[in-house]
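Take a look at the letters that make up each chain.
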Amino acid sequence: MRLRAFVVIGALALVGLWAGARLRVDTDITQFLPATEDRLLAELSQALTSSDLNRTITLTVEASDGDAAAAAARALAERLVERPEIAWVRSGPDETLERAFYEVYFPRRLNFLEPLNEDSIRQRIARLKRELASPTGAFVRRIAPEDPWLAFVEHVEALQAQQGELRIREGSFVTGEEDRFGVVLLATEASPFDTTASRSLQRAIAEDFAAINDGTLTLEQAGVHRIAVRSEETIRADIQRVSIVGTLGVVLLILVLFQTPRHLVLAGLPLAGGMVVAIAVVSTIFDAIHGLTLAFGATLIGVAMDYVAHLLNHDHLARHAGDDAHGTARRIWPGLALGAATTIAGLSGLAWTSFPGIRQMAIFTSVGIATAVLITRYVLPPLMPAAPRTTGVHRRIAAVSSRVLDGLARHRRALWLLPCAGAILAAAGLPLLTWQDDIRALNPTDPELRAEDGRVRQRVARMEAARFVIATGATREEALTRNDEVFEKLEAAVDAEELSSFRSLHPLLLSEATQRRNYESIPNDAWAQTTAALEAEGFVTAPFAPFEDVLRAPFSPLTNEAFDGTPLAQLAAAHQLPFGDGHAVLSFLHGVHDIEALRARTEAIEGVRVFDQAAFMQEAYGTFRSRTLELIVAGLFAVFLLVLVRYRRLRLSLAAFLPALIAAFATLGLLGLLGIDATLLHVVALLLVLSMGVDYGVFMVETEMHEGDDGPATLVSLITACLSTAASFGVLALSANPALRAMGLTAAIGVTMSLVLAPAAWILARRTD
């Protein structure tokens, strides 16, 4: 038997080495994005998280004056462009961009013209005369023979308006008062949620800035990368703290109670085995384990200790005559198995939720608990002492427990005050409980980083990061056609003061249908009208003869493929997202004053939606929080059925089940009275409370089903289990991450209440005699 135990331990060690070698921890908060019934917005939300928009970083370098800012931005960009982590970097409009504008747009300039008439043609020729006398006259003189209408100049001006607050100084982008901020735009090869790559990038930016900084420059940035890195650092620190402090708490508890290193090893085996197998299984099913899952899984210290505590305490305090550790394990096994089964049944419902991160937690915890209880039953007994020595502390706790149980048996009626108090607490607090359905509550941004991100965006783009108008279509052409209509609606919205400004793909790329309509709207006698206007302004018409050939040329549309291999591709990609089988075109909004009016104006167009990411996620979370509660109810029904199958008597089943249910509702009631907003992860932790609370009830009922006086041993076991669980979850309650803090606080309160209410299960079970 002992040899078999060592073989199992060796196998677990090999699994641990294998799982550790392939373990990859992920902190991507998108694992907690739900799939939603609104397919369009769900797919778009997922696409946005991995799009070029999220891969882009904006840097601003503040200097004493505009020339210094422009030089600093240029110097920083020259260093960053050598970094392999960066896909592209731009600190100003280079020659290739200007050449690309000309090569792409000049041959198709007439496709972007508004409908013309004789008056508008005369106005264009009058402008030509003014421009020839302006500082840009040399350039205008070169293009005028083929473009006397200045259609190309007009279109370049429209495109330059898309640069937002950026200006050009000494060939560099600058912004802000007196142009004191140089601007560097860059995009990364890897996703911002690849924190290894993002951390390397942040080091590269810091090193390159230090190399150019003479002590007068200040660097700030906007982008997801640094926020993702900070989030991972926080979660990793929490995992370390949970693991170390939780383990120390359990070690101290075991040493105080049993006072031998051997029992530390025995207590640690189910925990270690459960963690190793859970990591191996989740790593196989998923590409990576989320940091929140790993931190939550670390609390298996408390859950696994339940089973060890029952085995060790019963073996030390209530071993039957002629029995050994194997006999004790066999005697209490039905209770251990039922307790583990109820916990797993309660968690299994979460495996069907639409949140990948929540599914991970459910699978990880279920696998870990199943492994821990099997190790407790089959691996620990051969390794336990043949003649257990009960310590003085152990005996005193057992004696106090025996007196407590005797007192409770004599005052059964008074004991019902506890569940009544729990019910009153639930009734008083539940109406006050409020739900927080904002994903940002699970992973809030550092206030300093958020403020800096906002400052940089305000200087450069002045566009809201999470509000868009989306035009979708089965094809790119269909999406572009709808986007052309959106552009007109948004211009009207600005005029109506529903919106301050917006940035659109429209000036960069029109649908082929709109381009054709613009081209075909040119009057048949446009050349005659043009020559008349030229003569009226005093021009000799002969040099403009090439323009007649331009007007006679066949229609040639501008397509997205024309941008390939040019800097224009980056500009166009920022507004376009392929998702699913369709295509989306985004218009970025700034200063939304009346979003409902904006919705009414734009959503009248088929396939167009106003997307407020924060509102969308809040609505989705509210829906799925409700559905998760429904899954928990289903899980509780499964738990009760398991208990009913085991005991086959309603009173015993209710004795095991009701105290945990009251403890769970009382926990929510206390959160409501304390004014703590509940989140989805409070619900997840509450399910664990219910499952473990049912364990406590089961163990008390099982005590009455055993021959002999197992009551004190069971109560000592519950106290040990509760202390270990409260210790490990209590550490989570001190976490800097609100998601872990929510789970820790809920579980610590709920498990303590479950312990307080557990004797009610024992009394109800005794009344069946």
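Residues numbered from 1 in each chain as written. Predicted model: local features only at pLDDT ≥ 70, side-chain atom pairs only at ≥ 80, totals over all residues. Heavy atoms only, no water.

### Topic: the side chain of asparagine 518
Put simply, the rule reads: Each helix is a run of H or I in the DSSP string that is no shorter than four residues. Each strand is a run of E no shorter than two, and both are numbered from the N terminus. Whenever a nitrogen or oxygen atom comes within 3.5 Å of another N or O atom, the pair is scored as a polar contact, on the condition that within protein one atom can donate a hydrogen and the other can accept it, and that pairs from neighbouring residues in sequence are kept only if both atoms are in side chains. The contact criterion used throughout is that any non-hydrogen atoms of two residues lie within 4.5 Å.
As for its position among the elements, asparagine 518 is in helix α21 (residues 512-520). Separated by 2.9 Å, the side chain of asparagine 518 and the backbone oxygen of asparagine 111 make a polar contact. Other than its neighbours up to four places away in sequence, asparagine 518 contacts Leu110, Asn111, Phe112, Leu113 and Leu510.

### Remarks on a negative patch on the surface
Let me state the cut-off plainly: Every patch collects residues that have over 30% relative accessible area and no salt bridge, joining them within 9 Å if they carry like charges and within 5 Å if they are nonpolar side chains (Val, Leu, Ile, Met, Phe, Trp, Tyr). What sets the accessible areas is the Shrake-Rupley method with a 1.4 Å probe; for residues, cover comes only from the shown protein chains. Take a side-chain nitrogen of Lys or Arg and a carboxyl oxygen of Asp or Glu: if they are within 4 Å of each other, that pair is a salt bridge. A residue counts as positive if it is Lys or Arg and as negative if it is Asp or Glu; His and the chain ends are not included. Just so you know, the charge point we use is NZ for Lys, CZ for Arg, CG for Asp and CD for Glu.
On the surface, Glu114, Glu485, Glu488, Glu491 and Asp495 cluster together into a negatively charged patch. On the secondary structure map, glutamate 491 appears in helix α20 (residues 476-495).

### Observations regarding the environment of proline 557
Here is the rule: Buried, partly exposed and exposed residues are distinguished by accessible area as a fraction of the type maximum, computed with a 1.4 Å probe on protein chains only: under 20%, between the cut-offs, and over 50%, respectively.
Structurally, the position occupied by proline 557 is in the loop between α23 (545-552) and α24 (568-573). Judged by its relative accessible area of 23%, proline 557 falls in the partly exposed class. The sequence separation of proline 557 and leucine 110 amounts to 447 residues, and the corresponding C-alpha distance is 10.0 Å. Leaving out residues up to four positions away in the same chain, proline 557 has contacts with Arg108, Asn111, Glu512 and Gln515.

### Brief notes about the pattern of salt bridges
Across all of its chains, the model carries 25 salt bridges by this definition. One salt bridge connects glutamate 62 with arginine 180, and the closest N-O pair in it is separated by 2.5 Å. Of the two residues, glutamate 62 sits in strand β2 (residues 56-62) while arginine 180 sits in the loop between β5 (172-175) and β6 (181-188), which places them 118 residues apart along the sequence. Overall, glutamate 62 belongs to the partly exposed group, its relative accessible area being 24%. Residue classification places arginine 180 among the partly exposed residues on the basis of a relative accessible area of 22%. Here aspartate 179 ties to arginine 169 by a salt bridge, and the two come within 3.2 Å at their closest N and O atoms. Here aspartate 179, found in the loop between β5 and β6, pairs with arginine 169, found in strand β4 (residues 167-169); they are ten residues apart in sequence, far enough to count as distant. Residue aspartate 179 is classed as buried on the basis of its relative accessible area, which comes to 14%. Looking at arginine 169, the relative accessible area reads 27%, which means it is partly exposed.

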